[in-house]
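# Per-entry structural report
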2 protein chains.
Amino acid sequence: MASNASATIVAAPERSRQRHLDGDAPSPAYNFVSFTPIVATLNPQLALLQPYPFERLRSLFAGVAPPPTLRPINLSIGEPKHPTPQLVLDALASGARGLANYPTTAGAPALREAIAGWLARRHDLAALDPATQVLPVLGSREALFAFAQTVIDGSRAGATVVVPNPFYQIYEGAALLAGATAYCVNSLVENDYAPRWDLVPESVWARTQLLYVCSPDNPTGRVMTLDDWRRVFELADRHGFVVAADECYSEIYFDETRPPLGSLGAARALGRDGYPRLVSFGSLSKRSNAPGLRSGFVAGDAALIKAFLLYRTYHGSAMSPAVAAASVAAWSDEAHVRANRAAYARKFATLAPRVAALCPLKPPQAAFYLWARVPGDDATFARRLYAEQALTVLPGSYLGRESAGINPGRGHVRIALVAEQDECAEAIDRLVRFARTA
Amino acid sequence: MASNASATIVAAPERSRQRHLDGDAPSPAYNFVSFTPIVATLNPQLALLQPYPFERLRSLFAGVAPPPTLRPINLSIGEPKHPTPQLVLDALASGARGLANYPTTAGAPALREAIAGWLARRHDLAALDPATQVLPVLGSREALFAFAQTVIDGSRAGATVVVPNPFYQIYEGAALLAGATAYCVNSLVENDYAPRWDLVPESVWARTQLLYVCSPDNPTGRVMTLDDWRRVFELADRHGFVVAADECYSEIYFDETRPPLGSLGAARALGRDGYPRLVSFGSLSKRSNAPGLRSGFVAGDAALIKAFLLYRTYHGSAMSPAVAAASVAAWSDEAHVRANRAAYARKFATLAPRVAALCPLKPPQAAFYLWARVPGDDATFARRLYAEQALTVLPGSYLGRESAGINPGRGHVRIALVAEQDECAEAIDRLVRFARTA
């Protein structure tokens, strides 16, 4: 009898794998042809991956028909919606002549210099060495993932990656696929959404190889203080782990005179020349409204960057010279970044108080999310909001994991104020109407 | 005492790691700042990686000063040098408006359809399903690497990846970083450079999880026959392993009427509908002279593609919409590919016989290399050729590994006829002069 390929190739339980397979992709109608049963293995770590939040959202909304009179508005996804600046588009087009050569994994020297220069200006650093302390990457996602593969020794017993909770799901997948487990540290409202590193047992720190932090944080909008960084660096020094600082939201803030403290600036302020054990991840996606460019950087500890470069020569994600040219233009200009911030500042100044009047929230210090508390179950809230107002927000519990008996995302929703002002305002009008009738 | 970061972060012997770290990058002057000694781990598999051929070439040529009157010519690297067609450049520029959105990992439907359509036309296939049997990737290198991470279960005892020998080094690094070992199967001149799969012990096949094949082959230029494919598929069926067919050179051949047989076409001819256990890797780098575009595909077994897509949602190498637009244009046009082939055909028709008169070689069936036998040690030959004629070719032994007591690359050099006709002709003139004086 011909056997279903999907059923025979899979070592782990089919149900668990099946629901994860589409990832962030649209769900195609997979038509399995029948053929000789496969007994080949797959990497069994794939079976450990959790479904993505947006996959769970699709399931949650299955069969729900919002009012046909309302145009659907989606504030669930952290995708910038402001236009990409013309100078980036122009640089991409003029950089196309570089397509006839293989790019090096280390990246174009001009781009490494542009990134190093920008970081030094932005964080008031002594000069970063573009040759050893900076590396271009294809957006922060691939880099956050590949970096874990570079530093983690999955053969050591109890290999652990510590992550804040709630968190960007890539941290967990990177840990699992590197052969480690993710230990989730809750960020609770009663602690102003600071992760409680102090509650992590010494025995966990002792086997920790990597710590992800996110500042400004997705989804809470919290920015780590100098004291937070001192604590994290002390832990890293004491236990010998590496700190991966996801700072992809660093340029979205609301007061031009007070840019968020960054990890490299904190390290410098604390006398940690050379950024030992620290690698910072940055991106043009939010800063320059260019998520389709797939361009970011890692910067910090030269020894870690060196090992990462070695990994990346196999991993193979070298940057197209056209993308590199566009990236140089983007990192070398601040006018478009200020204009972008001004647009976010307007939205948050007018809309955050209206949301706060309905759903208690701590105003974000940076990034483009409202992390609002809602009555009852957050998934039920999101489902009803969609059903009644054609408005999509993300249930907070989908961004968290049960840890110490608590999923700290529960009772929250994440509202991404990424659309233009009018659409965001219309969305909040609907939220107000929904709250009145709820 | 302040300690050198590089010395303290490294678990494996420093010497062995040090020489590998730069990968394909230019060698920057790494200036280590001194800081608190690091005791953090790194992935120990990094220490197993071999130096790249081009790194070994740099060492080989260190201190050698070629005649200053001769302009250096480099035929060691397999980088296309013909110009990128204008239609690709134009499509990239006009695709830039897509930068304002995150691309999905599954890729733009238009690109998946363009690839599926091209494959069906090229290999005379029944229609491929763009939703399930095709996936865009950022060039074949990252895909060849990431695919091994997807399918290999490194926790199984003796996890093995079988590779031809000599071979593209990424196969070996992909195996090692997935926790497997590479078993090298020699391709010897007395067997017309066909890998001797029949000499692989049953005990090795029994633990094999993945087989890489390369057709048209780098460096030998050999194209696998239908009988070769039948043998490989039988082995895969019997032992339950997966076949990764690297076909990035498939569009570089010398007779318009006889395109090389491809893996998907062979599978179809052998009645293997659905391409069980097979994934083919293709690229625009050579076909469309666009190595800087970083665009390729995987195609084949839907169950494997599905697992690969899941891995890639974390791995994170989504394609920029601008690159996708340029790729659609490239896959949809054959005129520029025929013109490109004609240029290679002219070079090989005029130059290969001149090389063959000096160094015995089997004319390649496809791809753009001459795999020529040279007297004595191939590295010594390459070093003297550079010293006397400022001409760089790649020692064949750098592309092989010692297996069954033989490095099958030994006594060969790889000559990439990638430059324009005049430069290649000048290079062969120098080879002739060198041979006369040697």
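Being a predicted model, the structure only gives us computed values, none of them experimental.

Of the regular secondary structure elements, chain A holds 16 helices and 12 strands. Taken against the 2.2 N^0.38 rule, which gives 22 Å for 438 residues, the C-alpha radius of gyration of chain A at 22 Å falls within 12% of a compact globule. The burial tally for chain A puts 58% of its 438 residues in the buried class. Pairs at least 24 residues apart make up 76% of the contacts formed inside chain A by residues separated by at least 6 positions.

With that settled, consider the domain arrangement of chain A. Residues and elements named next belong to chain A. Looking at chain A, the domain boundaries give domain 1 (1–49), domain 2 (53–82 + 336–437) and domain 3 (86–334). Placing the centre of domain 2 and that of domain 3 at their C-alpha centroids yields a distance of 26 Å. Listing elements by their share of the side of domain 2 that touches domain 3, those giving two or more residues are α14 (335–356) and β9 (369–373). Each residue belonging to the side of domain 2 that touches domain 3 can be placed in one class, and the counts come to 16 nonpolar, nine polar and six charged.

Residues and elements named next belong to chain A. Along the chain, the position of Phe61 falls in helix α3 (residues 53–61). Placed 97 residues apart in sequence, Phe61 and Gly158 show a C-alpha to C-alpha distance of 38 Å. Excluding residues within four positions of it along the chain, Phe61 makes contact with Arg383 and Tyr386.

Residue and element names in this part refer to chain B. Between helix α4 (residues 86–94) and helix α13 (residues 321–331), whose axes approach to 7 Å, the crossing angle comes to 150 degrees. Viewed along their axes, α4 and α13 form a crossing whose handedness is right-handed. Note on element contacts: α13 touches α4 through Ala322, Val323, Ala325, Ala326, Val328, Ala329 and Ala330, opposite Leu87, Val88, Ala91, Leu92 and Ser94. Of the residues that constitute the contact of α4 with α13, the class distribution is 11 nonpolar, one polar and no charged.

Let's shift gears to the pairing of strand β2 (residues 134–137) of chain A. Residue and element names in this part refer to chain A. Side-chain alternation along β2 places Val134 and Pro136 on one buried face and Leu135 and Val137 on a second face that is also buried. In terms of strand pairing, β2 meets strand β8 (residues 296–300) through four bridges, oriented antiparallel. Across the sheet, Leu135 pairs through a bridge with Val298, a residue of β8.

Moving on to the sheet that holds strand β3 (residues 160–165) of chain A. Residue and element names in this part refer to chain A. The mixed open sheet is built from seven strands, whose spatial order is β2-β8-β7-β6-β5-β3-β4. Strands with a single pairing partner mark the edges of an open sheet, and in this sheet they are β2 and β4 (181–186). Taking each pair of neighbouring strands and ignoring which way they run, the sheet shows an average axis angle of 20 degrees. In terms of strand pairing, strand β5 (residues 208–214) meets strand β6 (residues 242–246) through five bridges, oriented parallel. Counted as the bridge partner of Cys214 is Asp246 from β6. Relative to the sheet, helix α6 (residues 140–151) contacts β2, β3, β5, β6, β7 (278–283) and β8, its axis offset from that of β7 by approximately 160 degrees.

All names here are of chain A. Read from one edge of the open sheet, three strands run β9-β12-β11, paired in antiparallel fashion. Of all strands in the sheet, those with a lone pairing partner are β9 and β11 (394–395), marking the two edges. With five bridges connecting them, β9 and strand β12 (residues 412–416) associate as antiparallel partners. Note that in β12 the partner of Ala372 across the bridge is Val413.

Another aspect to go through is the confidence of the model for chain A. Residue and element names in this part refer to chain A. Per-residue pLDDT for chain A has a mean of 91; in total, 91% of the residues score no lower than 70. Here residues 1–39 scores under 50 on pLDDT; set against residues more than four positions off or in separate chains, the count is 74 contacts. Overall fold confidence for the complex sits at a pTM of 0.91, while the interface term, ipTM, reaches 0.90.

Summarising burial for helix α7 (residues 170–177) of chain B: eight of the eight residues are buried, a large majority. All buried positions along α7 of chain B are accounted for by Ile170, Tyr171, Glu172, Gly173, Ala174, Ala175, Leu176 and Leu177 of chain B.

This part takes up unusual backbone geometry. Residues and elements named next belong to chain A. Following Asn165, the chain continues into Pro166 via a peptide bond in cis, with omega recorded as 5 degrees. With respect to the helices and strands, the residue Pro166 is situated in the loop between β3 and α7 (170–177). Look at the link from Asn218 to Pro219: it is a cis peptide, with omega at 15 degrees. Although it is not a glycine, Asp124 adopts a positive phi angle of roughly 55 degrees. Checked against the element boundaries, Asp124 lands in the loop between α5 (109–123) and β2.

Here we come to helix α14 (residues 335–358) of chain B. All names here are of chain B. The end-to-end C-alpha separation of α14 is 35 Å, in line with the 34 Å expected for 24 residues at 1.5 Å each. Approximately 30 degrees is the largest bend angle found in α14, and it occurs at Leu351, with the proline Pro353 only one to four residues beyond. Every buried residue of α14 is accounted for by His336, Val337, Asn340, Arg341, Tyr344, Lys347, Phe348, Leu351, Ala352 and Val355.

Here we come to the environment of Asp378 of chain B. Residue and element names in this part refer to chain B. Structurally, Asp378 is set in helix α15 (residues 378–389). Taking the C-beta count within 10 Å as the criterion, Asp378 has 25 such neighbours and is therefore assigned buried. On a C-alpha basis, the gap between Asp378 and Leu310 in space is 44 Å, while along the polypeptide they are 68 residues apart. The residues touching Asp378, leaving out its near neighbours within four places in the chain, are Pro395, Gly396, Ser397, Arg410, Gly411, His412 and Val413.

About the thresholds
- Residues numbered from 1 in each chain as written.
- Chains lettered and ligands numbered in written order.
- Predicted model: local features only at pLDDT ≥ 70, side-chain atom pairs only at ≥ 80, totals over all residues.
- Helix = DSSP H or I, 4+ residues; strand = E, 2+ residues; numbered from the N terminus.
- Rg over C-alpha atoms; globule rule 2.2 N^0.38 Å.
- Buried ≥ 20, exposed ≤ 12 C-beta atoms within 10 Å, placed from the backbone.
- Contact = placed C-beta atoms within 7 Å.
- Domains from an automatic or database assignment.
- Nonpolar A, V, L, I, M, F, W, Y, C, P; charged D, E, K, R; others polar.
- Axes fitted to C-alpha atoms, helices over the stretch in contact; angles between N-to-C directions.
- Left-handed = near helix turned anticlockwise from the far one by under 90°.
- Pairing = 2+ DSSP bridges.
- pLDDT = per-residue confidence, 0-100.
- Expected span 1.5 Å × (residues − 1).
- Bend = angle between axes of the 7 residues up to and from the residue.

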